[in-house]
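# Breakdown of the fold
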Amino acid sequence: MVLALTVCGIVVALVVVGLFVFGLRRRLIQRSGGTFDCSLRWEAPEKGDAGGKGWAYGVARYNGDRVEWFRVFSYAPRPRRVLERSAIEVAGRRVPEGEEELALLSDAVILACLHRGTRLELAMSEDALTGFLAWLEAAPPGQRVNVA
């Protein structure tokens, strides 16, 4: 009986510590400011695929001429993807369709992009999209930025 209570106590303590570290990581990512909720689908399929597969929920952070994307459900301290402003080409925007509506946040707008030849899609709120497009267009003189 004592052994069972000890094991249960250890399991509960590990879960509490894990949740604390999880929350601390998100707080540290957001501490520098310039963050927004952003789902990402890397190597997105061509037009016409409204399936909810491939989307990962995350937090994006502006860092100079880069956007760093972190998975929400991860303990990794480094960004999962880094997008350079000069390498992003906007191909279009659309609203979620079909199963995507269930996989993404309710007010999401999908932005189709190319980054160094890789097709990707970013899903974010309308306000975050306005900020992202303004950030893209505010590139320093001499940098090529393609916004459709």
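Residues numbered from 1 in each chain as written. Predicted model: local features only at pLDDT ≥ 70, side-chain atom pairs only at ≥ 80, totals over all residues. Heavy atoms only, no water.

Looking only at helices and strands, one finds three helices and eight strands in the chain. Written out in order from the N terminus, the α and β elements of the chain read α-β-β-β-β-β-β-α-β-β-α. On C-alpha atoms alone, the chain measures out to a radius of gyration of 19 Å, which is more than a quarter above the 15 Å that the 2.2 N^0.38 rule sets for 148 residues. Summarising its shape, the C-alpha atoms of the chain cover approximately 70 × 35 × 25 Å along the three principal directions. Residue burial in the chain is summarised as follows: out of 148 residues, 35% are buried. Relative to all contacts within the chain whose residues are 6 or more apart in sequence, the contacts with residues 24 or more apart total 53%. Of the roughly 9,000 Å² of accessible surface on the chain, a fraction of 59% belongs to carbon and sulfur atoms. Across the chain, the centroid of the 19 positively charged side chains sits 9 Å from that of the 17 negatively charged ones. (Helix = DSSP H or I, 4+ residues; strand = E, 2+ residues; numbered from the N terminus. Rg over C-alpha atoms; globule rule 2.2 N^0.38 Å. Buried < 20%, exposed > 50% of the residue type's maximum accessible area, 1.4 Å probe, protein only. Contact = heavy atoms within 4.5 Å. Areas by Shrake-Rupley, 256 points an atom, 1.4 Å probe, with all protein chains shown as cover. Lys, Arg positive; Asp, Glu negative; His and termini not counted. Charge placed at Lys NZ, Arg CZ, Asp CG, Glu CD.)

Let's shift gears to the UniProt feature "transmembrane region" (unreviewed entry) in the chain. Look at the UniProt record and you will see "transmembrane region" (unreviewed entry) annotated at residues 6–24. Taken end to end, residues 6–24 is 100% helix and 0% strand, and its two terminal C-alpha atoms sit 27 Å from one another. (UniProt positions renumbered as here; feature names shortened; annotations may be inferred.)

Here the focus is unusual backbone geometry. Despite not being glycine, E43 shows a phi value in the positive range, around 50°. Within the chain, R116 stands out as a residue other than glycine whose phi angle is a positive 55°. Tracing the backbone shows R116 in the loop between strand 7 (108–115) and strand 8 (118–125).

This paragraph deals with the pattern of salt bridges. What the rule picks out here adds up to 10 salt bridges. For the salt bridge of E121 with R41, the shortest nitrogen-to-oxygen distance reads 2.7 Å. With a gap of 80 residues between them, E121 in strand 8 and R41 in strand 2 (residues 39–42) connect regions that are remote in the sequence. The pair formed by E121 and R41 is uniform in burial state, with each residue classed as buried. Through salt bridges with shared partners, one network takes in R41, R94, E100, R119 and E121. (Salt bridge = Lys/Arg side-chain N within 4 Å of Asp/Glu carboxyl O.)

Compared with an ideal rise of 1.5 Å per residue, which puts 30 residues at 44 Å, helix 1 (residues 2–31) spans 43 Å between its outermost C-alpha atoms and is within 8% of the ideal. Looking at helix 1, one finds that the buried residues are G18, R25 and I29. The inward-facing, buried residues of helix 1 contact strand 1 (35–37), strand 3 (58–63) and strand 4 (66–71). Once helix 1 finishes, G33 follows within two positions and takes phi at roughly 80°, a positive value. (Expected span 1.5 Å × (residues − 1).)

Spatially, the four strands line up as an open sheet ordered 1-3-4-5, and their pairing is antiparallel. Looking at which strands have only one partner, the edges of the open sheet turn out to be strand 1 and strand 5 (81–84). Neighbour-to-neighbour, the strand axes of this sheet turn through a mean angle of 25°, independent of strand direction. Strand direction decides the pairing type here: strand 3 and strand 4, joined by six bridges, are antiparallel. Each residue of the ladder has a partner; that of A60, found in strand 4, is W69. Against the sheet, helix 1 contacts strand 1, strand 3 and strand 4, and its axis sits at roughly 30° relative to strand 3. (Pairing = 2+ DSSP bridges. Axes fitted to C-alpha atoms, helices over the stretch in contact; angles between N-to-C directions.)

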